[in-house]
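Survey of secondary and tertiary structure
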Amino acid sequence: MATPLRFCLDYLSPYAYLAWTRMPALAARHGRVVEPVPVLLAGLLNATGNIGPAEVPAKRVYIFKHTFRIAHELGVPFAPPPSHPFVPLLALRVTAAVEDLEARARLVSALYAAAWGGGGGVETPEQVSVAIRAAGLDAPALLAAAQRQDIKDRVRQNTEEALAAGAFGVPTVLADGELFFGMDSLGHLERFLRGEDPLRQVDLARWRDLPATASRR
């Protein structure tokens, strides 16, 4: 059986929301299952020395404009959350507490709808409870599970494993040892899954070892 496509997500990212709306159909076209993997974007950014797009004043409004246009093209609901950036930890932890992949995928869809699809947000227990119930799951049980140390550790471990695989942001899809980052990489992912990745013929070591003759202070 083919390995699942590991979709590393954080509810902070509108691009991850938009990519998620494409993932189930994309995976089905290639006989794959999607495994939603909640990771902490702030952890990825801190570990790699990056900052989020919304933290760059010149990018902040542009990012919302850009993602709104993509959502319009895709025909999916889109609206800013009540605040941004917000604290996504509770939403990530309840996601990590769901073992069944199909149920976890339903919860991810419900939480993204609440965050970016015009819902009430996903920061507070009350907001997260609405999404959990919309996914047909037990809100009190998942909110309680989110407080357990093993569930908190699971999100941390997911983040560390994503970093070890080369992730530096979300959305990131890990497929058969290859990494695809960003909404605009989904077409490349499909070509990879069809066995048509042009990088198969490229000497990647040459790019990896290319010397730098300039640096930015």
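**Quick look at helix α3 (residues 57-74)**
Relative to the 26 Å expected for 18 residues at 1.5 Å per residue, α3 spans 27 Å between its end C-alpha atoms, a close match to the ideal helical length. Regarding α3, the residues found buried are Ile 63, Phe 64, Thr 67, Ile 70 and Ala 71. For α3, the secondary structure elements touched by its buried residues are α1 (14-29) and α5 (101-116). Remark: Gly 75 follows α3 within two positions and exhibits a positive phi of approximately 75°.

**Side note on the side chain of His 84**
Following the sequence through the fold, His 84 ends up in the loop between α3 and α4 (89-96). The class for His 84 is buried, based on a relative accessible area of 15%. Side-chain polar atoms of His 84 contact the backbone oxygen of Leu 12, separated by 2.8 Å. Not counting residues within four places of it along the chain, the set of residues in contact with His 84 comprises Leu 12, Ala 54, Arg 60, Phe 64 and Trp 116.

**Looking at a nonpolar patch on the surface**
Side chains of Leu 199, Val 202, Leu 204, Trp 207 and Leu 210 sit close together on the surface and give an oily, nonpolar patch of about 510 Å² of accessible area. Mapped onto the fold, Leu 199 is located in the loop between α9 (186-193) and α10 (204-208). Residue classification places Leu 199 among the partly exposed positions, given a relative accessible area of 41%.

**Let's talk about α4**
With respect to burial, α4 is a largely interior element, seven of its eight residues being buried. Within the sequence span of α4, burial applies to Leu 90, Ala 91, Leu 92, Arg 93, Val 94, Thr 95 and Ala 96.

**Here's the deal with the pairing of strand β1 (residues 5-9)**
The buried fraction of β1 is high, at four of five residues. Where β1 meets strand β2 (residues 34-38), five bridges bridge the pair, whose relative direction is parallel. From the neighbouring strand, Phe 7 faces β2, where its bridge partner is Pro 36. This β-α-β element, β1 to α1 to β2, shows right-handed connectivity. Relative to strand β3 (residues 172-175), β1 runs antiparallel, the two sharing three bridges.

Scoring rules and cut-offs
Residues numbered from 1 in each chain as written. Predicted model: local features only at pLDDT ≥ 70, side-chain atom pairs only at ≥ 80, totals over all residues. Heavy atoms only, no water. Helix = DSSP H or I, 4+ residues; strand = E, 2+ residues; numbered from the N terminus. Expected span 1.5 Å × (residues − 1). Buried < 20%, exposed > 50% of the residue type's maximum accessible area, 1.4 Å probe, protein only. Contact = heavy atoms within 4.5 Å. Polar contact = N/O pair within 3.5 Å; in protein donor to acceptor, adjacent residues only side chain to side chain. Patch = residues over 30% accessible without salt bridge, like charges linked within 9 Å, V, L, I, M, F, W, Y side chains within 5 Å. Areas by Shrake-Rupley, 256 points an atom, 1.4 Å probe, with all protein chains shown as cover. Salt bridge = Lys/Arg side-chain N within 4 Å of Asp/Glu carboxyl O. Pairing = 2+ DSSP bridges. Right-handed = clockwise from strand over helix to strand, strands pointing away.

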